[in-house]
Amino acid sequence: MDCIDPHLSVGKFFICLLLVLFQASNATSQSCSFESPVQFQENNSVGDVVTTISVTPGETIAITNANVPFGINGNQLIATEVLDREETQTYALGIRCTLEGGSISKTIVVIVQDVNDNKPIFEKDLYQEKVEELSKIDSSVGEFPATDLDGPVLYYTLTSESEPDAFKLRSQSTPEILVNRPLDYDKVKEVQLILRAQDTPLTSPPEGPSFTATTTIMISITDTDNRPPWFEPCTRHTINEVVICQNPGYTGRINLNEQETGVLPLKPGPLYAVDGDFGIKEEITYYIIAGNEDSLFQINPNSGNITMLRPTDVVKEIALTVLAAQTKNTHQLATTTVTISVRVTSLHAPEFQKTQYEALITSVGSMAMDLTNKDQPLQIIATDEDYIGAGGINPNITYSIEGSSDFAIIGGYLFLTKDLPQSSVSLQVVATDTSNDETATAALRVELTLVGPSGEFGIVDMAALGATLGVLLFLCVLVIGLLVYRMRKGNAAWKKIQEASMFRSSLGQANQKEGIQYTNEAFQNDDDRSSTGSGGPEGRSVLTSWDPPKPVENIHSEEVNQSSSERLRTQFPDNASDSGSDRADNEKEVKPILTKERRVEEGYKSVWFKEDIDPNAKEEVVIIPENQDEHSDEEDEKPLSDSRKVLFAETDLDSGLGVKFDDPADDSENDDKLNIDL
């Protein structure tokens, strides 16, 4: 549009001017542009660019605010100071953009971003609180927050070295301390807690800087009145976390018909009680509530001291029941017993039989011997003339060694209780009459001559023990060997007896009562002319006969033979059965031989008699064991008395044999003899 036309009216001229101004303003507005608001971190460096402003060529930019930490560098907004969000969090900057005489003003908002650069801070470094010991679990002790300029959210932890489980936090983000378990003033009077605050989460490692702060909380546990008075001394017991104190009572002695002056002495000490709640220490009041029916005693209500009002004329025990109660809280009370023995006045104190005793001790645990008479044990005795009717022996006297625990007196005899080096020890023995506390003393000298620690053996002792055991072992082996030999020898002899029985049984079956004649045809031509039953000097057979045997009353031959055979089979089940079967099968092959000479040929078995044999006499028949052939010639030359013998009681072959075993090797009258009726 041409606004210089001369024919242009006034109205059109003004419209044209407005259009020109609008175009100029629109051009300026489009050239001065920027982002708002702008985020900018604190703790920046001077000259850091806050933002960039878009301008057209020839356009200028200026900040209209005064005293702001920003400046213009070309078309850039920069920080001229280090920003601190904790001081100023937001800035509003006025910007004027000028182009060709025209200008426009705009505002840039700068928001300072927070950086974790501050530590949490507790109000105090030390907090002190009080908690009653009977406080309920989860009851609050107090809240102890910390502050952080960088943010309101903090995370807390609670620790304690002495009582780690006594208290706890309500949560990690709430610093309120709660009671976690029952508290006991007697066990713990004060607990130190450490509260720690952190400005980053506790569960994961922080991505940036992390700061912490700590404070100390001292919690004093106060005592409450929950226990009665305790008589001292006493033994404490804990039952389900409740503590009680048991007092055994008190004892005292007074003399018959005598009034004790002053405070009555008691054992184990004077009567007194204390408040079981040591943190409160309430005053105690004392009363005698039983046992003082005769009004012999009175008690001080404040101190508990007992005194006598008058003497007593009866020998007895007086049991007083004493009550102790708190002065303010009378519901807290306790009782105890005071036993007072009335005794007859002692006229004589104990007295030792000697002024000095001398002892000899050789080992720990052994009884001390009298050094003046080493064959007798040392006996330490104190007598009391008040017990003259009992020989001066007071059963209430006890003995002790003064100042030494290495020795003990038991029943008046001295013993060493521990190892001591060899030396001479001087001691003092004390006799105490426990009924009246009267004492007597005597000197004691002990010679320690230790031969070795008790229960140990020396080399010589072990060698002697080994030699003794070796001899015993040898004797045992020797006896066992001898028994085995005798058993084997006896078995062989029994076998010979069985064979002789079989032989006589065969004779009995022939029923030759009037006379018996045997001819050993196997030895008809034997060169042994001296044998009975073999050929004689003229080549004739020698006949052997007996007179008819005497009958045995009420016993038949066949019954006796049968009984004899069965008895032998019972005695020798194995050999007898075998021999019986052989005799039954080969009865005709049996060749019994009666001879005066012994034959030692292999497989030869015989029964032989002495030279002058009387058939009617009870002659000895020698049984030769099977192993006799293995013996040496020296054994063959032994006299006949060295062999085991069988004595026939009867010559009646049908009536059985009376057999007696005899061992000639032993002439003792106590030799065992075995009699068997065959």
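This one's a predicted model, so the numbers in the text were calculated from it and none came from an experiment.

(A) Seen up close, the overall build of the chain. Of regular secondary structure, the chain possesses 5 helices and 42 strands. When burial is assessed residue by residue, the chain has 34% of its 678 residues classed as buried. Restricting the contact set of the chain to residue pairs at least 6 apart, pairs at least 24 apart contribute 61%. Accessible surface for the chain amounts to roughly 40,900 Å². Of this, 51% is attributable to carbon and sulfur atoms.

(B) View of the sheet that holds strand β30 (residues 373-377). One open sheet accounts for 6 strands, arranged β30-β29-β28-β36-β35-β32; its pairing is mixed. The sheet is open, and its two edges are formed by β30 and β32 (397-401), each paired on a single side. Relative to strand β35 (residues 423-433), β32 is paired through 5 bridges, and the arrangement is antiparallel. Across the sheet, the residue bridging to tyrosine 399 is alanine 431, located in β35.

(C) Structural view of the nonpolar core. Ranked by size, the top nonpolar core spans 26 residues in total, and within it Phe352, Phe407, Leu414, Leu444 and Val446 carry the most contacts. Contributing elements (two or more residues each) for this core: β28 (356-361), β32, β33 (407-410), β34 (413-416), β35 and β36 (438-448). Tallying contributions element by element places β36 first for this core, with 5 residues. Once residues lying within four places of it in the same chain are set aside, the contact partners of leucine 444 are Tyr357, Leu378, Ile380, Ile401, Leu414, Val425, Ser426 and Leu427. Counting residues in each nonpolar core, the second largest holds 23 residues, with Tyr156, Ala166, Ile177 and Ile221 among its members.

(D) Seen up close, the confidence of the model for the chain. Residues of the chain with pLDDT of at least 70 account for 68%, and the chain-wide mean is 76. Here residues 1-8 is a poorly scored stretch, pLDDT under 50, and it has 7 contacts once near neighbours within four places are set aside; other chains count. Scored below 50 in pLDDT, residues 526-590 shows 86 contacts in the model against residues more than four places distant or in partner chains.

(E) Representation of the state of the cysteines within the structure. Scanning the model with the defined rule gives 2 disulfides in all. Linked covalently through their sulfurs, cysteine 32 and cysteine 97 form a disulfide whose S-S length is 1.5 Å. Of this pair, cysteine 32 sits in the loop between α1 (10-31) and β1 (38-41) while cysteine 97 is found in strand β6 (residues 90-99), placing the two residues 65 residues apart along the sequence. Linked covalently through their sulfurs, cysteine 234 and cysteine 245 form a disulfide whose S-S length is 1.7 Å. On the sign convention where negative means left-handed, the S-S torsion of about 85° between cysteine 234 and cysteine 245 marks this disulfide as right-handed. In this pair, cysteine 234 sits in the loop between β17 (229-232) and β18 (235-239) while cysteine 245 sits in strand β19 (residues 242-246), placing the two residues 11 residues apart along the sequence. The pair formed by cysteine 234 and cysteine 245 is uniform in burial state, with each residue classed as buried.

(F) Fine view of a nonpolar patch on the surface. A cluster of nonpolar side chains, contributed by Met462, Leu465, Leu469, Val471, Leu472, Phe474, Leu475 and Leu478, occupies part of the molecular surface with about 790 Å² of accessible area. Looking at the element boundaries, valine 471 is found in helix α2 (residues 459-509).

(G) Region of interest: the packing of aromatic side chains. In this structure the tally under the stated criterion is 6 aromatic pairs. Ring geometry for phenylalanine 70 versus tyrosine 91: centroids 5.2 Å apart, planes at 80°, classification edge-to-face. Linking phenylalanine 70 in strand β4 (residues 70-73) with tyrosine 91 in strand β6, this pair joins segments that are 21 residues apart in sequence. By relative accessible area, phenylalanine 70 is classed as buried at 6%. Taking relative accessible area as the criterion, tyrosine 91 reaches 15% and is therefore assigned buried. Each ring, one from phenylalanine 352 and one from tyrosine 357, has its centre 6.1 Å from the other, and the planes form 75°; the classification is edge-to-face. Under the relative-accessibility criterion, phenylalanine 352 is labelled buried at 9%. Among the aromatic residues, ring-to-ring pairing joins Phe352, Tyr357 and Tyr399 into one connected group. The cationic tip of lysine 189 hangs over the ring face of tyrosine 185; the distance from NZ or CZ to the ring centre is 4.8 Å.

(H) Fine view of the sheet that holds strand β12 (residues 155-159). Spatially, the 4 strands line up as an open sheet ordered β9-β16-β15-β12, and their pairing is mixed. At either margin of the open sheet sits one strand with a lone partner, and together these are β9 (126-132) and β12. The average undirected angle you get between the axes of adjacent strands in this sheet is 25°. When β9 meets strand β16 (residues 212-222), the two strands line up parallel, connected through 7 bridges. Along β16, the bridge assignment pairs glutamate 132 with threonine 222.

(I) Fine view of the pairing of β6. One ladder, built from 4 bridges, connects strand β3 (residues 60-63) with β6; its direction is antiparallel. Bridge assignment links threonine 60 to a residue of β6, and that residue is threonine 98. A loop of 2 residues connects β6 with strand β7 (residues 102-113), the two strands running antiparallel in sequence, and glutamate 100 in this loop sits at a positive phi of about 50°.

Here is what the cut-offs are and how they apply
Residues numbered from 1 in each chain as written. Predicted model: local features only at pLDDT ≥ 70, side-chain atom pairs only at ≥ 80, totals over all residues. Heavy atoms only, no water. Helix = DSSP H or I, 4+ residues; strand = E, 2+ residues; numbered from the N terminus. Buried < 20%, exposed > 50% of the residue type's maximum accessible area, 1.4 Å probe, protein only. Contact = heavy atoms within 4.5 Å. Areas by Shrake-Rupley, 256 points an atom, 1.4 Å probe, with all protein chains shown as cover. Pairing = 2+ DSSP bridges. Core = buried A, V, L, I, M, F, W, Y, C linked by side-chain atoms within 4.5 Å. pLDDT = per-residue confidence, 0-100. Disulfide = S-S within 2.5 Å. Patch = residues over 30% accessible without salt bridge, like charges linked within 9 Å, V, L, I, M, F, W, Y side chains within 5 Å. Salt bridge = Lys/Arg side-chain N within 4 Å of Asp/Glu carboxyl O. Phe/Tyr/Trp six-rings, centres within 6.5 Å; stacked < 30°, edge-to-face > 60°. Lys NZ or Arg CZ within 6 Å of the ring centre and 35° of its normal. Axes fitted to C-alpha atoms, helices over the stretch in contact; angles between N-to-C directions.

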